[in-house]
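# Fold and contact review
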Amino acid sequence: MSDRAGPRRYEDFTTIDWIQDSIIEKNRRIRDADKARNAYRGANGEITPAWIWAQCWKLLTAGESWFVITLVGGIFIGVNAALISIVTEWLSDIKMGYCSDGWWLNQQFCCWEVESDEEFCPSWHPWSTVFPARWLVYVVFAGMFAFVAAHLVRTMAKYAAGSGISEIKCILAGFIMKGFLGFGTFFIKSLTLPLVIASGLSVGKEGPSVHVACCIGAIVAGWFRRFSRSESKMREVITAASAAGVAVAFGSPIGGVLFSIEEMSHIFSIKTMWQSFVCALVATFTLSVMNPFRTGKLVLFQVTYSRDWHFFEIIFFVILGIFGGLYGAFVVKFNMQVAAFRRKHLANHAVAEAVTLAILTAVVGYPNRFLRIDMTELMSILFRECEGGGDYDNLCQLSAQWPMVNSLLLGTFIRMGLVVMSYGARVPAGIFVPSMAIGATFGRMVGIIVKSISRAYPQSGMFAVCDPDIPCITPGTYAFLGAAAALSGVMRITVTVVVVMFELTGALTYILPTMMVILVTKAVGDFIGTRGIAEETIRFNGYPILDQDDHSSNVAVSEVMKKDLSVLYATGMTVSDVEGVLASTDVKGFPIVASKSSQVLSGYIGRTELRYVLDKAQHMGDVTPETLCSFSRQASDQEDFVLSGVTSGSALGAEEDVAVELLETTASNDVLKVWPWVNQTPLTVSPRLPLEIVMQLFKRMGPRVILVEEQGSLKGLVTVKDVLRFSVTEKSEGDQPLWDVGELEAVLEVMWNWAVEIRDGSLGWCRRVVRRRFG
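Residues numbered from 1 in each chain as written. Predicted model: local features only at pLDDT ≥ 70, side-chain atom pairs only at ≥ 80, totals over all residues. Heavy atoms only, no water.

## What about the overall build of the protein?
Cut-off, in case you're wondering: Only runs of H or I of at least four residues qualify as helices and only runs of E of at least two qualify as strands under DSSP, and these elements are numbered from the N terminus. Here's how the labels work: a residue is buried when its accessible area is under 20% of the maximum for its type, exposed when over 50%, partly exposed in between, all with a 1.4 Å probe on protein chains only. Contact definition: two residues touch when any of their heavy atoms are within 4.5 Å.
The secondary structure content of the protein amounts to 29 helices and 13 strands. Counting the 775 residues in the protein, one finds 55% classified as buried. If you take every contact in the protein between residues at least 6 apart in sequence, the share linking residues at least 24 apart comes to 78%.

## Some thoughts on helix 22 (residues 533-541)
Most of helix 22 sits inside the fold, with seven of its nine residues counted as buried. I533, A534, E535, E536, T537, I538 and F540 are the residues of helix 22 that are buried. Contact partners of the buried residues in helix 22: helix 6 (165-173), helix 11 (253-264), helix 13 (314-345) and helix 19 (475-491). Phi for G542, located one or two positions after helix 22, is positive at around 70°.

## Notes on the packing of aromatic side chains
Heads up, the rule is: Note on ring pairs: Phe, Tyr and Trp rings are taken, using the six-membered ring of Trp, and paired if centres are within 6.5 Å. Classes follow the plane angle, with under 30 degrees stacked, over 60 edge-to-face and the rest tilted. Counting as a charge over the ring demands two things of the Lys NZ or Arg CZ atom: a distance within 6 Å of the ring centre and an angle within 35 degrees of the ring normal.
Tallying each qualifying case throughout the model produces 19 aromatic pairs. Residues W274 and F277 carry aromatic rings whose centres are separated by 5.9 Å and whose planes lie at 85° to one another, so their mutual orientation is edge-to-face. Pair noted here: W274 and F277 are both in helix 12 (residues 270-290), with a separation of three residues, about one helical turn. The exposure class of W274 is partly exposed, given its relative accessible area of 47%. The interplanar angle of 5° and the centroid separation of 3.9 Å between the aromatic rings of F323 and F442 together place this pair among those described as stacked. A residue pair is termed long-range when its members are at least 10 positions apart, and F323 in helix 13 and F442 in helix 18 (residues 432-456) qualify at 119 residues. With respect to class, F323 is no different from F442; both count as buried. One residue, R372, lies across the ring of Y366, its end atom 4.9 Å from the ring centre.

## Some details on empty space enclosed by the protein
For clarity, the threshold we go by: Cavities and pockets are defined on a 1 Å grid built over the protein atoms alone: a cavity is a set of grid points where a 1.4 Å probe fits but cannot escape, while a pocket is an open set with protein on both sides within 12 Å along at least five of seven lines, and lining residues are those with an atom within 4 Å of any such point. Grid points are joined across faces, edges and corners, and a volume is the space filled by probe spheres set on the points. Ten residue types, Ala, Val, Leu, Ile, Met, Phe, Trp, Tyr, Cys and Pro, are classed as nonpolar, four, Asp, Glu, Lys and Arg, as charged, and the remainder, Gly among them, as polar.
Across all of its chains, the model carries six cavities of 30 Å³ or more by this definition. Looking at the second largest cavity, its volume works out to about 110 Å³. Every residue along the wall of the second largest cavity is listed here: C386, L395, C396, Q397, Q401, R444, I448, K451, S452, R455 and P475. Considering only residue class, the lining of the second largest cavity consists of five nonpolar, three polar and three charged.

## Let's talk about the sheet that holds strand 8 (residues 601-606)
Under the convention used in this document: Whether two strands pair depends on DSSP finding at least two bridges between them. Note on method: axes are straight lines fitted to C-alpha atoms, helices fitted across the in-contact stretch only, with angles between N-to-C directions ranging 0 to 180 degrees.
Pairing is mixed in the open sheet, where three strands are placed in the order 5-7-8. Either end of the sheet is taken by a strand with one partner, and the two such strands are strand 5 (568-569) and strand 8. Pairing between strand 7 (residues 589-593) and strand 8: five bridges, direction antiparallel. Along strand 8, the bridge assignment pairs V593 with L601. Contacting strand 5, strand 7 and strand 8, helix 24 (residues 607-617) runs over the sheet at an angle of about 80° to strand 8.

## Structural notes on the environment of L378
Topologically, L378 is positioned in helix 16 (residues 375-383). On the basis of relative accessibility, which here comes to 0%, the residue L378 falls in the buried class. The spatial distance from the C-alpha of L378 to the C-alpha of Y392 is 9.6 Å, given a sequence separation of 14 residues. With residues up to four places along the chain from it excluded, the contact list for L378 reads F370, I373, R415, A437 and T441.

## Here we look at the environment of Q599
Mapped onto the secondary structure, Q599 falls in the loop between strand 7 and strand 8. Spatially, the C-alpha atoms of Q599 and E709 are 9.4 Å apart, while their sequence positions differ by 110 residues. Once residues lying within four places of it in the same chain are set aside, the contact partners of Q599 are V593, G712, S713 and L714.

## Focus: the pattern of salt bridges
Our working rule: Each reported salt bridge corresponds to a side-chain nitrogen of Lys or Arg within 4 Å of a carboxyl oxygen of Asp or Glu.
Evaluation of the coordinates by the stated rule reveals ten salt bridges. Residues R611 and D615 are paired through a salt bridge, measuring 3.1 Å at the closest nitrogen-oxygen approach. Of the two residues, R611 and D615 both sit in helix 24, four residues apart, roughly one turn of that helix. Among the residues examined, R611 registers a relative accessible area of 28% and is labelled partly exposed.

See below:
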């Protein structure tokens, strides 16, 4: 099939057949190798300067992948991440005040020369010295930022909303979504992401950063023909870009690579791992060179711990792990119920919803010292040791420890509720940092309690091992571990979290406690039966993708397969017959059998390839509606096939000129030979094969369709959608998805009905007043 005739890229809601794509790529690679071997030689096969140049060009082509990866990671993802960080910091601070030295300076740069322990900065002016006025300005800015972001997303790029991780997982599995990785989505998401974070909504930028990075990868790779015509190579670039997105968000290149392995890609090769590593490394290096925070650090909450931990603290580490597992289960369950309510009632009120949530968050959060400030800044404060500048607003003062505990506990549960309601709103919204912030406030609270107990009972058996000359408990480390637990609990990732947290702190001594906490979190999540929020979002949206953990009971594929099929016959069909089949069906491909009387399977042809051949044939004078179509290769066809320059056994992936030449050669003797575009060795299984194995074939090999045959005779076919449909109907009533158990959804329904009644009653009252007053 011609590349110019319509290469299959991410252009509509369908799926990629990865087996077919690999066949096309193999055929193209063989033909390119044949051309390079035979081109530019002399009459007797001698080496010429043109041949030498062709070999040099071959070497350049071999390095093209690494050039694209470097270009994606270094110049674009790193620079974009730095700009987003700078703009986000300025917008977040503009809600509190402005800099008299320059309106473009945020508070940190405005007060750059002021000592860190001084509270007064003459250049930074709050909007007002009166608390209610400051509160009002804060709320107004929050609502304005949310309005602009939601309006831009709704009117210009609908795919810029949300995190994007769930959809990218589907794209990497072969699900096609037109525009999801396009320039419009990239531009609007990059523009609105700082606005959303600055609005104070309890959402993060890390998930959207992955989406933006993948958009950059797809756009840049699309400039190069080698990638634009190959889905598998495009998938490699997008996977590497997802690693770079996490790397620049957390300043963690190794964590980004592990994230792409553990969370994003179903099939991960060593080559893709190296590409992800290079892309993440270059992007992180670029971010480091730009130094957006002017601290030499890659993220705002990067810290270092100087003290070790004690074995008796494992008890409290386990508590943090249990909290992480319970937090993940709570947020995933109730967020899906909010998503169901949002889909039912708020689909046409996306802007109003975002503004309402931003105002609600600002009104509720401003009085609490731990909800008022930006979440990344909050974590930088909570992670610190008290001796390292961590005494924010008397956080480390013994006299204020119990008010701090109350404030941290209140902040934990308020932000948890805000995350449940905010994640999934129609604005760019991630859940990484909000979850880490919730875990950090809870962990710091636990750390303060443990520290107060150690001070109250220093001679007890538990605390007797502490050195009296140095602090025994470091509450900042509890915040650090709590953040790791909450992130692992909601995303259901493990190794990635450990490495990310290690790269954030550089504290080798805290790798073991982090692993303990993550292990407990995973155990609690497994016990409850929680899936990650990305997986639940995929299921909620009904995307045709099989999760790695999906399984089925002991049923055969014959119970799931489609039996009423639209087939083509290897011989005996005319062009008009084939056109009639295409017009009467909308399936993506057709099995080919020997004849009407014989169901012996001969091959499979995609609808796109068949449509291409017929369209090209219409421009040839020898082809009429009564011309016979041959879908089966004959012995006499070999010579014509070789003469057409396609010697690798298939025309799939052939260049335009080669494909046209082949059609002109085969459209002779009143027969249109379509067999070069037929997959003559489709993936087939026996009808008695367990469905469990078929599901593994879909996950690991990625075919669009699997044919079912018995002793060479076609019996049916099965697709991923068939398997998913069967899996849903197979579930019992007691095993419903989380969003069907609607405790929170029921409460929201009642509140919505009240709001509608109040609105209707108010409108009716206003109409009556107007009629009485004006007649």
